[in-house]
Amino acid sequence: MEVGQMQRRLIEYTKSLFMEGILDDQFLQLQQLQDESNPDFVVEVVSLFFQDAERLLNDITSALDQQSVDFPKVDAHVHQLKGSSASVGAQRVKNGCIAFRNFCEEQNVDGSLRCLQQIKQEYYHVKNKLEALFRLEQQIVAAGGSVPMMELSF
Amino acid sequence: MFGKGASSSKSMEIIGSEKKFSVLIVDDDPIIRKIHSALLSKFTKEIQEVKNGKEAVDLCRSGASFDIIFMDKEMPIMTGLEATKELRAMGVNSTIVGVTSCDLSSERNDFIAAGQNQCYEKPLTIEKIKSLLSELNKNN
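Residues numbered from 1 in each chain as written. Chains lettered and ligands numbered in written order. Predicted model: local features only at pLDDT ≥ 70, side-chain atom pairs only at ≥ 80, totals over all residues. Heavy atoms only, no water.

When helices and strands are tallied, chain A shows six helices and zero strands. Reading chain A from its N end, one meets helices and strands in the order α-α-α-α-α-α. Structurally, chain A occupies a C-alpha span of about 55 × 30 × 25 Å along its principal axes. Treating the 14 positive side-chain charges of chain A as one cloud and the 22 negative ones as another, the clouds have centres 4 Å apart. (Helix = DSSP H or I, 4+ residues; strand = E, 2+ residues; numbered from the N terminus. Lys, Arg positive; Asp, Glu negative; His and termini not counted. Charge placed at Lys NZ, Arg CZ, Asp CG, Glu CD.)

This is how it looks when you write it as structure tokens:
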């Protein structure tokens, strides 16, 4: 595949992630911050997010597994996950966290467990999508092309 | 046309680039620190980061001074509000901008009462920084 085709494919792929609500504007903000002095910025931030999210999901899972659930602790973890997902533009994960906090307030174990499942699914979904996106970018660069910038409104 | 930076040059006009300014980023979340640092580096090269309110207070107490301090609200050891109060009590006159992930309207009064000049919901964006800087330039 030649570079132009790959670039168009990347743009279409990225657009679809926005249309489906998987990513939001914050992701575009991150792309805007990437430049020659900071060429791997997006990948670096997203990698931090992956590490953070997986740790938090594990902590939340353990906390909900206890005989007596420490809801303030669960809420604190969810709050953190909400913050980091919001900062990379992982919209569905963020929204899942917002819903989760309501269950924490109600001290609702079943609701929380269901929510956790949902968030895990959304997390792995966005992780797969972003990894595919980064692979597309790498292919373009390897073929000698440059990664196209998304416009802020489209 | 494609090309890195093609659409970014317009939005990256540096406001007040004639006037250099220093910032301090105070946040316990390394992702936020990284993002806000990259964001602010579009506007200035003088950036420092610390991870909680106490480190911010200690840094200022040791003589460092900053034009703008971006203060997260929820942090361990010392929160943003506590740190703001201490800094003001120490006589620090920097512009302090509160940054929070909570519902902003309910927190605004707390921020202003503690001595902050402005507050924003995180994450900060290019637009928010530009509007903050133009406000500060106006007031100077």
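Moving on, we come to the UniProt feature "modified residue: 4-aspartylphosphate" (unreviewed entry) in chain B. Mapped onto this structure's residue numbering, the UniProt feature "modified residue: 4-aspartylphosphate" (unreviewed entry) falls at B:Asp72. Using a relative accessible area of 1% as the deciding quantity, one classes B:Asp72 as buried. (UniProt positions renumbered as here; feature names shortened; annotations may be inferred. Buried < 20%, exposed > 50% of the residue type's maximum accessible area, 1.4 Å probe, protein only.)

Within this numbering scheme, the UniProt entry marks A:His79 as carrying the feature "modified residue: Phosphohistidine" (unreviewed entry). One can find A:His79 in helix α4 (residues 71-88).

We now examine the interface of chain A and chain B. Contacts between the two partners involve 28 residues from chain A and, on the opposite side, 23 residues from chain B. Carbon and sulfur atoms supply 64% of the area that chain A and chain B bury against each other, a total of about 2,200 Å² over both sides. On the chain A side of the interface with chain B, the three residues burying the most area are A:Gln32, A:Leu33 and A:Met149, jointly 24% of the side's total. Viewed at the interface, chain B and chain A are joined by two salt bridges. (Contact = heavy atoms within 4.5 Å. Buried area = accessible area lost by both parts, 1.4 Å probe. Salt bridge = Lys/Arg side-chain N within 4 Å of Asp/Glu carboxyl O.)

With that settled, consider the packing of aromatic side chains. All names here are of chain A. Across all of its chains, the model carries four aromatic pairs over all chains by this definition. On the numbers, 6.1 Å between centres and 80 degrees between planes, the contact of Phe-50 with Tyr-123 is edge-to-face. Taken together, the residues Phe-50 in helix α3 (residues 41-65) and Tyr-123 in helix α6 (residues 109-142) connect sequence positions 73 residues apart. Of the two residues, Phe-50 and Tyr-123, both sit in the buried class. Note on Tyr-123 and Tyr-124: the rings are 5.0 Å apart at their centroids and 65 degrees apart in plane angle, and the pair reads as edge-to-face. With relative accessibility at 1%, the residue Tyr-123 sits in the buried group. Seen from the ring of Phe-50, Lys-127 lies directly overhead, with NZ or CZ sitting 5.5 Å from the centre. (Phe/Tyr/Trp six-rings, centres within 6.5 Å; stacked < 30°, edge-to-face > 60°. Lys NZ or Arg CZ within 6 Å of the ring centre and 35° of its normal.)

A word on the pattern of salt bridges. Across all of its chains, the model carries 14 salt bridges over all chains by this definition. Put simply, A:Glu44 and B:Lys34 hold a salt bridge, and the shortest N to O gap is 2.7 Å. Of the two residues, A:Glu44 is situated in helix α3 and B:Lys34 in helix α2 (residues 30-40); the pairing between them involves two chains. In this structure A:Glu44 comes out as partly exposed when scored by relative accessible area, which is 34%. The salt bridge partner of A:Arg55 is A:Asp52, with a shortest N-O separation of 2.7 Å. Of this pair, A:Arg55 and A:Asp52 both sit in helix α3, three residues apart, roughly one helical turn. A relative accessible area of 38% places A:Arg55 in the partly exposed class. Look at A:Asp52 and you get buried, because its relative accessible area is 12%. By sharing partners, the salt bridges in this structure join B:Asp27, B:Asp72 and B:Lys122 into a single network.

Residue and element names in this part refer to chain A. Running from N to C, helix α2 (residues 25-33) and α4 point in directions that differ by 60 degrees, and their axes come no closer than 6 Å. Our classification of the angle between α2 and α4 gives oblique. From α2, Gln-26, Phe-27 and Leu-30 reach across to α4, where they touch Ala-86, Ser-87 and Val-88. Looking at the contact of α2 with α4 residue by residue, the class counts come to four nonpolar, two polar and no charged. (Axes fitted to C-alpha atoms, helices over the stretch in contact; angles between N-to-C directions. Parallel < 35°, antiparallel > 145°, perpendicular 65-115°, else oblique. Nonpolar A, V, L, I, M, F, W, Y, C, P; charged D, E, K, R; others polar.)

Moving on: the sheet that holds strand β3 (residues 68-72) of chain B. Residues and elements named next belong to chain B. Taken together, the five strands give an open sheet; going across it, the order is β2-β1-β3-β4-β5, and neighbouring strands pair in parallel fashion. Every interior strand has two partners, whereas the edge strands, β2 (46-50) and β5 (118-121), have only one. Strand-to-strand twist across the sheet, computed as the mean angle between neighbouring axes with direction ignored, equals 20 degrees. The sheet contact formed by β3 and strand β4 (residues 95-100) spans five bridges and is parallel. Note on β4: the bridge partner recorded for Asp-72 is Val-99. On top of the sheet, helix α6 (residues 126-139) reaches β3, β4 and β5; it is set at about 170 degrees to β5, its chief contact. (Pairing = 2+ DSSP bridges.)

A few words on the packing of α3(A) against α6(A). All names here are of chain A. In contact at an axis separation of 11 Å, α3 and α6 are set at 160 degrees when each is read in the N-to-C sense. With respect to their mutual orientation, α3 and α6 come out roughly antiparallel. Handedness of the α3/α6 crossing: left-handed. Across from Val-42, Val-43, Val-46, Phe-49, Phe-50, Ala-53, Glu-54, Leu-57, Ile-60, Thr-61 and Leu-64 in α3, the residues of α6 making contact are Ser-112, Leu-113, Leu-116, Ile-119, Lys-120, Tyr-123, Tyr-124, Lys-127, Leu-130, Glu-131 and Phe-134. Considered class by class, the residues forming the contact of α3 with α6 number 16 nonpolar, two polar and four charged. (Left-handed = near helix turned anticlockwise from the far one by under 90°.)

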